[in-house]
Amino acid sequence: MIIVKSKAELAQMREAGRIVAQAIEEVRQCVKPGITTKELDAVAEKVIRSHGAVPPFKGYPNQHHGKNGRPFPGTLCLSVNEELVHGIPGKRALKEGDILTIDCGAIYKGWHADSAITVGVGEIGEEARRLLEVTERAMWAAIAAARAGQRTGDVSVALEDIVTAAGYSVVREYTSHGIGRSLHEDPQIPNYGKTGHGPKLRPGMTIAIEPMVLAGSPDTVVRSDEWTVASKDGKLTAHFEHTVVVTEAEPDILTRL
Ligand code: MG
Ligand code: MG
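A quick note: this is a predicted structure, and the numbers were derived from the prediction, not measured. (Residues numbered from 1 in each chain as written. Chains lettered and ligands numbered in written order. Predicted model: local features only at pLDDT ≥ 70, side-chain atom pairs only at ≥ 80, totals over all residues. Heavy atoms only, no water.)

A. Fine view of the sheet that holds strand S8 (residues 206-209). Taken in spatial order, the 5 strands line up as S7-S6-S8-S13-S14 in an open sheet, and their pairing is antiparallel. Here the strands that pair on one side only, and so sit at the sheet edges, are strand S7 (185-189) and strand S14 (252-253). In the sheet, strand S6 (residues 176-178) pairs with S8 via 2 bridges, with the strands oriented antiparallel. Each bridged residue has a counterpart across the sheet, and for glycine 178 the counterpart in S8 is isoleucine 207. On top of the sheet, helix H3 (residues 126-145) reaches S8, strand S13 (242-245) and S14; it is set at about 15 degrees to S13, its chief contact. (Pairing = 2+ DSSP bridges. Helix = DSSP H or I, 4+ residues; strand = E, 2+ residues; numbered from the N terminus. Contact = heavy atoms within 4.5 Å. Axes fitted to C-alpha atoms, helices over the stretch in contact; angles between N-to-C directions.)

Below, the structure is given as structure tokens:
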């Protein structure tokens, strides 16, 4: 079911969004060659908990192995280079030239927010820089398309057109999503679609819009850690995400400082 929130409910979600934005910003400032992903994870967890929120990713049920899989162990999903989403924080030290996706959620008074950015570690190559630029631009185009009266397919197409025009691929298996009382709610909004198709967007709907882009083929693999999703061809990937409120005009972005 698609839930339209009241003003009071949106105010609490806005606080969840602010906490996520703050956590991502503090982590971003710590990104440098030599730091481990586990250290970055600790930075985010401290920010989230110090604001009276909790990290929804920690303990999240396994999507690939169901009850037999291990729940997600981190506060953040930290995905490096060819890793697209759901990378587990650990002992890996970042290197100059890597690209890192910082994906962060928070639950505040029962309300969720979810956001991601991909950043360079030190100086990055021209190819990586272009991939980041295109993926972020695809996110902003999708957000601009997410107005009341539009359909979810319109959001998908706005994003997909930019990605494919750049010669990149959108992910098939993971989607943008409704968000609110739960991290993942209806509607699911694929990274590809058809204009005029899918559920109609209404004012007060809250959605997490997230292009996941692969520089090469769209095929992905899930690693043996049961979580990390990487490009099958080993080429670079990028991911940007904001939680927004649908309005009659420009969407209201909750996960921005
Ligand atoms: Mg996310
Ligand atoms: Mg999300």
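Picking up where we left off.
B. Just the side chain of serine 169, in detail. Among the secondary structure elements, serine 169 is positioned in strand S5 (residues 169-170). Take serine 169: its relative accessible area is 13%, and that puts it in the buried class. From its side chain, serine 169 meets the backbone oxygen of glycine 216 in a polar contact 2.6 Å long. In contact with serine 169, other than residues within four places in its own chain, are Val163, Met212, Val213, Leu214, Gly216, Ser217 and Pro218. (Buried < 20%, exposed > 50% of the residue type's maximum accessible area, 1.4 Å probe, protein only. Polar contact = N/O pair within 3.5 Å; in protein donor to acceptor, adjacent residues only side chain to side chain.)

C. The arrangement of the nonpolar core in detail. Formed by 59 residues in total, the largest nonpolar core has its most connected members in Val31, Leu40, Leu94, Leu100, Ile102, Ile207 and Ile209. Elements that contribute at least two residues to this core include exactly helix H1 (7-30), helix H2 (37-50), strand S1 (76-80), strand S3 (99-108), strand S4 (111-120), H3, helix H4 (152-165) and S8. Among the elements that make up this core, the one with the highest residue count is H3 (10 residues). Dropping the residues within four chain positions of it, leucine 40 is found in contact with Val27, Cys30, Val31, Ile35, Leu76, Leu78, Leu94 and Leu100. Grouped together as the second largest cluster of nonpolar side chains are 13 residues, Phe57, Cys77, Trp111 and Val245 included. (Core = buried A, V, L, I, M, F, W, Y, C linked by side-chain atoms within 4.5 Å.)

D. Structural detail: the coordination of the magnesium ion (ligand 1). Looking at the magnesium ion (ligand 1), the protein donor atoms are Asp103 (OD), Asp103 (OD), Asp114 (OD) and Glu241 (OE), and they sit 2.0 to 2.7 Å from it. Going along the chain, you hit the donors of the magnesium ion (ligand 1) in the pattern D-x10-D-x126-E. Here the magnesium ion (ligand 1) and the magnesium ion (ligand 2) are spaced 3.3 Å apart, with aspartate 114 acting as a shared donor. Here aspartate 103, found in strand S3, pairs with glutamate 241, found in the loop between strand S12 (237-239) and S13; they are 138 residues apart in sequence, far enough to count as distant. Taking relative accessible area as the criterion, aspartate 103 reaches 7% and is therefore assigned buried. (Donors = N, O, S within 2.8 Å, 3.2 Å for Na, K, Ca; no water.)

E. Just the coordination of the magnesium ion (ligand 2), in detail. Asp114 (OD), His177 (NE2), Glu210 (OE) and Glu241 (OE) make up the full set of protein donors to the magnesium ion (ligand 2), lying at 2.1 to 2.2 Å. Owing to a relative accessible area of 1%, glutamate 241 belongs among the buried residues under this scheme.

F. Up close: the pattern of salt bridges. Taken as a whole, this structure holds 11 salt bridges when the rule is applied. A salt bridge links glutamate 45 to arginine 49, with the nearest nitrogen and oxygen atoms 2.7 Å apart. Here arginine 49 and glutamate 45 lie together in helix H2, a separation of 4 residues that amounts to about one turn. Look at arginine 49 and you get partly exposed, because its relative accessible area is 41%. Salt-bridge contacts for glutamate 83 lead to arginine 223; the nearest nitrogen and oxygen are separated by 2.9 Å. With glutamate 83 in strand S2 (residues 83-85) and arginine 223 in the loop between strand S10 (220-222) and strand S11 (229-231), this pair connects stretches of sequence that are 140 residues apart. (Salt bridge = Lys/Arg side-chain N within 4 Å of Asp/Glu carboxyl O.)

G. Representation of the sheet that holds S11. Strands sit in the order S2-S11-S10 across an open sheet of 3 strands; the sheet is antiparallel. Each end of this open sheet is capped by a strand with a single partner; those strands are S2 and S10. Each strand axis lies, on average, 40 degrees off the axis of its neighbour in the sheet, ignoring direction. Bridge count between S10 and S11: 3 bridges; the pairing is antiparallel. Pairing of threonine 220 across the sheet is with serine 231, part of S11.

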